[in-house]
Amino acid sequence: GAVVATHDGLLLAATPSFSGDTPAACAASLSVHLETDLSLIQQTGLSEALVWAPPGIWYLARLAHNHLLLAYSSDPDQAGALRLSGQIAAQQIGPMLLSGG
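Being a predicted model, the structure only gives us computed values, none of them experimental.

## Quick word on the overall build of the protein chain
Each helix and strand counted, the protein chain has 4 helices and 5 strands in total. In the protein chain, the succession of α and β elements from N to C terminus is β-β-α-α-α-β-β-β-α. Put simply, the protein chain has 101 residues, and 36% of those count as buried. Sequence separation of at least 24 residues holds for 38% of the intrachain contacts in the protein chain that already meet a minimum separation of 6. Carbon and sulfur atoms form 59% of the exposed surface of the protein chain, whose accessible area is close to 5900 Å².

As structure tokens, this is what we get:
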């Protein structure tokens with residue numbers, strides 16, 4: 001599953017496996033707290049991270065205009081596939097965010 005939300009919680013896109021307000025709220029919270037909660041990404045200049053949290057793995061990517069892409073896999077053995085999927089999604093979404101469309 002994946003979610004893209006603005007820093008104020010506006011859900012821009014979500015896969016069917018994520019529904020309701022929880023994914024957008026989670027993405028918004030992470031976006032707002034990016035500097036403190038995800039300081040490793042900020043300090044190293046990285047734009048993405050993989051986070052293992054039972055029972056699966058999260059892919060996080062910073063996008064244009066402080067948007068955050070979250071993708072999740074319940075199978076931690078699929079970290080490489082999750083990262084590749086996240087990178088492709090970020091490349092496709094990025095130009096839309098920059099153009100405002």
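## Looking at the pairing of strand β4 (residues 56-62)
Where burial is concerned, most of β4 is hidden: 5 out of the 7 residues are buried. As paired strands, strand β3 (residues 48-53) and β4 are joined by 6 bridges and run antiparallel to one another. Bridging from a neighbouring strand, V51 pairs with W58 of β4. Connecting β3 to the next strand, β4, in antiparallel fashion are 2 residues.

## Regarding the packing of aromatic side chains
Under the definition given, this model contains 1 aromatic pair. Measuring from ring centre to ring centre gives 4.7 Å for W58 and Y72, while their planes differ by 50°; the resulting arrangement is tilted. Within this pair, whereas W58 is found in strand β4, its partner Y72 is found in strand β5 (residues 68-73), the two being separated by 14 residues in sequence.

## Overview of the pattern of salt bridges
This structure, assessed with the given rule, holds 1 salt bridge. Ionic pairing is found between R83 and E48, a salt bridge with its closest N-O pair at 2.5 Å. Placement of R83 in helix α4 (residues 79-99) and of E48 in strand β3 is noted, with a sequence separation of 35 residues between them. By relative accessible area, R83 is classed as partly exposed at 36%.

## Looking at the side chain of E48
Residue classification places E48 among the buried positions, given a relative accessible area of 18%. Within polar-contact distance, the side chain of E48 engages the side chain of R83 at 2.5 Å. One polar contact links E48 to Q87, side chain to side chain, over a distance of 3.1 Å.

## Quick word on unusual backbone geometry
Keep in mind that most residues, glycine aside, have a negative phi and that most peptide bonds are trans. Looking along the chain, the bond that leaves P54 and enters P55 is cis, with omega of 10°. Here P55 lies in the loop between β3 and β4.

## Describing the nonpolar core
Judged by nonpolar contacts, the single largest core of 14 residues is most densely connected at Y59, L63, L69 and I93. When residues of this core are traced back to their parent elements, those giving at least two are β1 (2-5), β4, β5 and α4. No other element matches α4, which puts 5 residues into this core. Not counting residues within four places of it along the chain, the set of residues in contact with Y59 comprises E48, A49, L50, L69, L70, A71, L82, R83, G86 and Q87.

Rules used throughout
- Residues numbered from 1 in each chain as written.
- Predicted model: local features only at pLDDT ≥ 70, side-chain atom pairs only at ≥ 80, totals over all residues.
- Heavy atoms only, no water.
- Helix = DSSP H or I, 4+ residues; strand = E, 2+ residues; numbered from the N terminus.
- Buried < 20%, exposed > 50% of the residue type's maximum accessible area, 1.4 Å probe, protein only.
- Contact = heavy atoms within 4.5 Å.
- Areas by Shrake-Rupley, 256 points an atom, 1.4 Å probe, with all protein chains shown as cover.
- Pairing = 2+ DSSP bridges.
- Phe/Tyr/Trp six-rings, centres within 6.5 Å; stacked < 30°, edge-to-face > 60°.
- Salt bridge = Lys/Arg side-chain N within 4 Å of Asp/Glu carboxyl O.
- Polar contact = N/O pair within 3.5 Å; in protein donor to acceptor, adjacent residues only side chain to side chain.
- Core = buried A, V, L, I, M, F, W, Y, C linked by side-chain atoms within 4.5 Å.

By themselves, these observations are geometric and do not establish any function.
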